[in-house]
Amino acid sequence: MSLLAVGTVAFDAIETPFGKTDKIVGGAATFICLSASQFTHKMGLVSVVGGDFPKETIELLKQKGVNMDGLQIKENEKTFFWSGKYHNDMNSRDTIDTQLNVLADFVPVVPEEMRNAEFLMLGNLMPKLQLDVIKQMTTRPKLIVLDTMNFWMDIAMDDLIENLKHIDVLTINDGEARQLSGEYSLVKAAQKILKMGPKYLIIKKGEHGALLFNKEQVFFAPALPLEDVFDPTGAGDTFAGGFIGYLASTKDISFENMKRAIIYGSAMASFCVEKFGTERLLNLTSTEVEERIQEFVDLVQFDISLVNE
Ligand code: AMP
């Protein structure tokens, strides 16, 4: 197994300035798997759903090459539910409701064949459960990436800080980086967070791109300027899935390759926001992905001859 992903598989109800949805399929791990499946088919998922979750979605993920043996189905319980409302700028949102349901007493069990995965993506989930999964790995993965959100910082900050000692890459948004570090400057925030454990930090800034830090270097990737953004839900997870999926497919975890992975992650996120929920990711072709990567290259490429060179 090359890549193991953990995180919520959920129902979401979303409101944006462009419309409103009833319960649709969402969840951090759903977006991660759909995105990463563009790059690798040697991947598995560990999560939990209730009996109300559509069996077709589980089949669809299988068809995308995701091993679903680690998905627990609790027939008599309800799937995790999240609802959010985006502000007019589409860059910020309010969580209206979070119902843990089946997640409240979830005990993740990593199937035997996934315990030696080389790449581990700890998607948004209770921090204690993320650590539980790390502990079940028989060999230390080559790279552990962790994503989280303000919800867990508000109620389980100590557990999250413990997790930072066991991972390689942390992906959070700018507001969360400020909350975690207590610093407003993102550069100072990054310095503080890198001292907490991770070797790399990715700060996602929505339509303003993403920053990759290690102790010595920093890299910036823009987000593609899009005419229409319908629904940013899952963009962060889709980004993370593209990032780790690309790394898992190339097996190169150098800083230089992480720069490429960030561009792939950003390209995947740019598709995600074009439609509500997971819709745009479902029928995405590799040609569309490659064309979008080219758009990124064209967007940032320029020639400068320095006078003193
Ligand atoms: P993103 O827009 O990338 O932050 O991810 C949104 C997805 O995260 C939605 O599909 C939700 O189902 C899921 N989600 C929302 N809140 C949580 C939470 N507290 N823990 C785990 N997943 C969540």
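About the thresholds
Residues numbered from 1 in each chain as written. Predicted model: local features only at pLDDT ≥ 70, side-chain atom pairs only at ≥ 80, totals over all residues. Heavy atoms only, no water. Axes fitted to C-alpha atoms, helices over the stretch in contact; angles between N-to-C directions. Helix = DSSP H or I, 4+ residues; strand = E, 2+ residues; numbered from the N terminus. Parallel < 35°, antiparallel > 145°, perpendicular 65-115°, else oblique. Left-handed = near helix turned anticlockwise from the far one by under 90°. Contact = heavy atoms within 4.5 Å. Salt bridge = Lys/Arg side-chain N within 4 Å of Asp/Glu carboxyl O. Buried < 20%, exposed > 50% of the residue type's maximum accessible area, 1.4 Å probe, protein only. Near = heavy atom within 4 Å. Polar contact = N/O pair within 3.5 Å; in protein donor to acceptor, adjacent residues only side chain to side chain. Areas by Shrake-Rupley, 256 points an atom, 1.4 Å probe, with all protein chains shown as cover. Nonpolar A, V, L, I, M, F, W, Y, C, P; charged D, E, K, R; others polar. Pairing = 2+ DSSP bridges. Expected span 1.5 Å × (residues − 1). Arc of directions from axis to C-beta. Phe/Tyr/Trp six-rings, centres within 6.5 Å; stacked < 30°, edge-to-face > 60°. Lys NZ or Arg CZ within 6 Å of the ring centre and 35° of its normal.

(A) How the structure looks around the packing of helix α1 (residues 28-36) against helix α7 (residues 235-250). At a closest axis distance of 7 Å, the pairing of α1 and α7 adopts a crossing angle of 40 degrees. Classified by the angle between their axes, α1 and α7 sit oblique to one another. Where α1 crosses over α7, the handedness of that crossing is right-handed. Side by side, α1 and α7 meet where A28, F31, I32, S35 and A36 of the first sit next to D237, T238, G241, G242 and G245 of the second.

(B) Representation of the pattern of salt bridges within the structure. Counted under the stated rule, the structure contains 14 salt bridges. Of the charged contacts in the structure, one is a salt bridge between E118 and K251, with a shortest N-O distance of 2.7 Å. Highlighted residues: E118 in the loop between β8 (93-99) and β9 (119-122) and K251 in the loop between α7 and α8 (255-272), separated in sequence by 133 residues. Judged by relative accessible area, K251 falls into the partly exposed class, the value being 40%.

(C) Region of interest: the site of the ligand. Neighbouring the ligand are 19 residues; D12, G27, R93, G234 and D237 lie closest to it. Between the ligand and G234, the relevant distance is 2.7 Å, taken from an oxygen atom to a main-chain nitrogen or oxygen of the residue. Surface burial for the ligand is 95%, taken as the share of its 510 Å² of free accessible area covered by protein chains. Among the elements of the structure, β2 (10-16), α4 (150-163) and α7 are those that each provide at least two residues to the shell around the ligand. Top element by residues in the shell around the ligand is α7. It accounts for three residues. Split into classes, the residues belonging to the shell around the ligand amount to nine nonpolar, seven polar and three charged.

(D) Focus on the pairing of strand β12 (residues 200-204). The buried fraction of β12 is high, at five of five residues. Burial of β12 is two-sided: the residues Y200, I202 and K204 facing one way and the residues L201 and I203 facing the other way are all buried. The pairing of β12 with strand β13 (residues 210-213) spans four bridges and is antiparallel. The partner of I202 across the bridge, within β13, is L212.

(E) Inspection of the sheet that holds strand β5 (residues 43-50) at higher detail. Strand order in the open sheet formed by nine strands is β6-β5-β1-β9-β10-β11-β12-β13-β14, with mixed pairing between adjacent strands. With one partner strand each, in any of the chains shown, β6 (66-74) and β14 (218-221) form the two edges of the open sheet. The mean angle between the axes of side-by-side strands here comes to 15 degrees, regardless of whether they run parallel or antiparallel. The strands that α1 touches are β1 (3-6), β5, β6 and β9; relative to β1, the one it contacts most, it runs at about 155 degrees. Seen against the sheet, helix α3 (residues 127-136) touches β1, β9 and β10 (143-147) and runs at an angle of roughly 165 degrees to β9.

(F) Local environment of helix α10 (residues 286-300). The end-to-end C-alpha distance of α10, which contains 15 residues, comes to 22 Å, matching closely the 21 Å that a straight helix rising 1.5 Å per residue would cover. Where α10 is concerned, the buried positions are V289, R292, I293 and F296. For α10, the angular spread of the buried residues around the axis is 105 degrees, confining them to a single face. Elements that come into contact with the buried residues of α10 comprise α8.

(G) Inspection of the packing of aromatic side chains at higher detail. Evaluation of the coordinates by the stated rule reveals eight aromatic pairs. Arranged with centres 4.4 Å apart and planes meeting at 10 degrees, the rings of Y246 and Y264 form a pair that is stacked. One end of the pair, Y246, is in helix α7; the other, Y264, is in helix α8, and 18 residues separate them in sequence. Y264 gets classed as buried once you look at its relative accessible area, which sits at 13%. Clustering of aromatic rings is evident, with ring pairs tying together F39, Y246 and Y264. Taking NZ or CZ as reference, R178 lies 3.9 Å from the ring centre of Y184, over its face. Here the guanidinium or amino end of R292 rests over the ring plane of F271, the centre of that ring lying 4.0 Å away.

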